[in-house]
Each structure stands twice: as structure tokens, then as C-alpha cells.
Amino acid sequence: MSADCEQPESSVAAVELRGVSFSYDGPPVLENVNLTVRGGEFACIVGPNGGGKSTLLKLMLGLIAPARGAVRVLGDAPRNACRRVGYLPQHTQFDLQFPVTVRDVVLMGRLGETRRFGPFRRADRAVAEQALREVGMLGFVRRPFSALSGGERRRVLIARALACRPEILMLDEPTANLDIQVEEQLYDLLRELNRRLTVIMVSHDVAYVSKYVQTAICVNRTVHTHSGAEITHEVIRNLFGREIRLVPHEHDHPHAHANCETCPSEAPRNATDARAPR
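Because the structure is a prediction, the values reported are computed rather than measured.

**Student:** Is there a simple way to explain the pairing of strand β6 (residues 168-172) in this structure?
**Tutor:** When a strand is regular, its side chains alternate between the sheet's two faces. Most of β6 sits out of view: five of its five residues are buried. The side-chain alternation of β6 yields two buried faces, one formed by Ile-168, Met-170 and Asp-172 and the other by Leu-169 and Leu-171. Pairing between strand β5 (residues 85-88) and β6: four bridges, direction parallel. Paired with Leu-88 across the bridge in β6 is Leu-171. Pairing of β6 with strand β7 (residues 198-202) involves five bridges; the strand directions are parallel. The residue of β7 that forms the bridge with Ile-168 is Thr-198. Chirality of the crossover, the property in question, places the unit of β6, helix α5 (residues 180-193) and β7 among those that are right-handed.

**Student:** Mind showing me how you'd approach the environment of Val-29 here?
**Tutor:** When you line up the elements, Val-29 lands in strand β2 (residues 28-38). Judged by its relative accessible area of 17%, Val-29 is buried. Excluding its chain neighbours within four sequence positions, the residues that come into contact with Val-29 are Phe-22, Ser-23, Tyr-24, Gly-51, Gly-52, Thr-55 and Arg-221.

**Student:** Sorry if this is basic, but what is going on with helix α4 (residues 150-162) here?
**Tutor:** Each α-helix turn comprises 3.6 residues. Residues three or four places apart therefore point the same way. Taking 1.5 Å of rise per residue, the 13 residues of α4 would be expected to cover 18 Å, and the 19 Å separating its terminal C-alpha atoms lies within 8% of that figure. With ten of 13 residues buried, α4 lies mostly within the body of the structure. The set of residues buried in α4 consists of Gly-151, Arg-154, Arg-155, Val-156, Leu-157, Ile-158, Ala-159, Arg-160, Ala-161 and Leu-162. The secondary structure elements touched by the buried residues of α4 are β5, α2 (102-107), α3 (122-134), β6 and α5.

What counts and what doesn't
Residues numbered from 1 in each chain as written. Predicted model: local features only at pLDDT ≥ 70, side-chain atom pairs only at ≥ 80, totals over all residues. Heavy atoms only, no water. Buried < 20%, exposed > 50% of the residue type's maximum accessible area, 1.4 Å probe, protein only. Helix = DSSP H or I, 4+ residues; strand = E, 2+ residues; numbered from the N terminus. Pairing = 2+ DSSP bridges. Right-handed = clockwise from strand over helix to strand, strands pointing away. Contact = heavy atoms within 4.5 Å. Expected span 1.5 Å × (residues − 1).

Below is the structure:
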């Protein structure tokens, strides 16, 4: 949908930005951003490196404050709404030599939701197990976190974000460094979680992600929104400011390949790329 497309009046705004600008002591990273993500949407933030994708997400999370304008999350200031938001950062540091189990990692998501001192309560353990059940990892509850594959660890970290019982799930590059099959399974999981949660994620996988999301938030200093079906080669070219080579997944969205004049016919059928031609 376009930036001016009307949203259903019955939908509650999960996130609103009005006239938001931000800079890191230099030129503006984001300028005059007006954006609404409705409750129950699956939205993806896409754009070139340095275009402001992660900055936009940090503003929504209240990790940084705008230089101008206002950000509201669930009708409140982001910092006041933080306990109603589950977050998966792009880089999560874990000492894989530390003897922590899958349950221990997910219980970290209960910190701040339970009592300050003493062991976790039975209710906290039940919430953690339910979160693991949702991401298909309950059978790994006693396994060392270090023994998991990359995709399994990502699911456990999503369960940790779910353990605070959020209304919004925000993720920064959740499929980074995962192979194609695991990436697709993770997108399927997020689409399933979207049945009960608003999901907002940052992704570099512009062409492929369009078939999963309802709204693409295109960020390159300014912000424009489109429906997933509107992410054509022309939209991506305008977003990145140059020709982009798109290589579709085996069951990719038809727009990802049909409108791409630079995609070579001999390109692999099970990869997606959104980089300038070499």
C-alpha cells in the first residue's frame, strides 16, 4: 500500500511515528517520517545498508529518542510500552562455554516480569515452556544452548522474546546467516505467530520476504510503505537507487523475478540476492 493508503478504522495502531527525524551528530539518518503500523500487521522494514532500517526499529523500541517528532507504541511512549514488546536483536552475544540450557535462556525473558529475587516461579517456567512449544523447541528444553544449530538458537531466542508475553514482536535481521531452508521455516514461524501478535522485522531479503508480509516499510532516509504484493523490481530499484540483481527462491513471489531485467537466466533457483551486480 502507498504511504497515504487508509488503514481500517477498526484496527488499533501498534506503532505510530509522526514527523520523526533523527541523526547521529551528522546528516539526518531519518527525516520527517510518518508511519502507522496497525495492530495485527506483519510488517517488514527493508532498504539499503545505512538507509536507517535499524535506527527506525530502535526508535520504536525507545532505545534512542527522535530529534524531532513523536513515537507512540500501543498508544504510549516506547519506554513505557517496552514490557509489551518482545525484541530479538540482530547480534546476541553468548559465551557458548557457559553451561546454560535452553530453558535458562528462555527464562531470561521473564526478568522484570517476575519477582526481583529468588528462583523463578513455577508460573514462569510454564510461560517459558509455552513459548518453546510455540516455536517448536519444547523437546529441547533441557539441552545445552551451545549444542543447538544456528536455526535452533534463533528459535530459542524468539521464544525468549515471547516469554514476556508481548503484544508486539520486533526482530532485527532474524534470518541473517541462515541457509535458505531454515530461513523459509523461520518466516513460516513468524507468519504463524502473526496470528496473535503484531510482527515488525528488519530484513535484507527484499524480494523473498514480500510474499510473507502484509506491509513493506521501505527506508532510505525517508519512509514509504507498500503492500507485500507491490514490491516489484521498479520499487526495489527506486529504494536502492540503482539496478539490483534479484535471484528468487524456488517458490518465490512472482514479482521477484518476473519484473527483474538484470536477473540472469542461469541464476540458481534456491537463492535470493538483493545486491548491485558485480
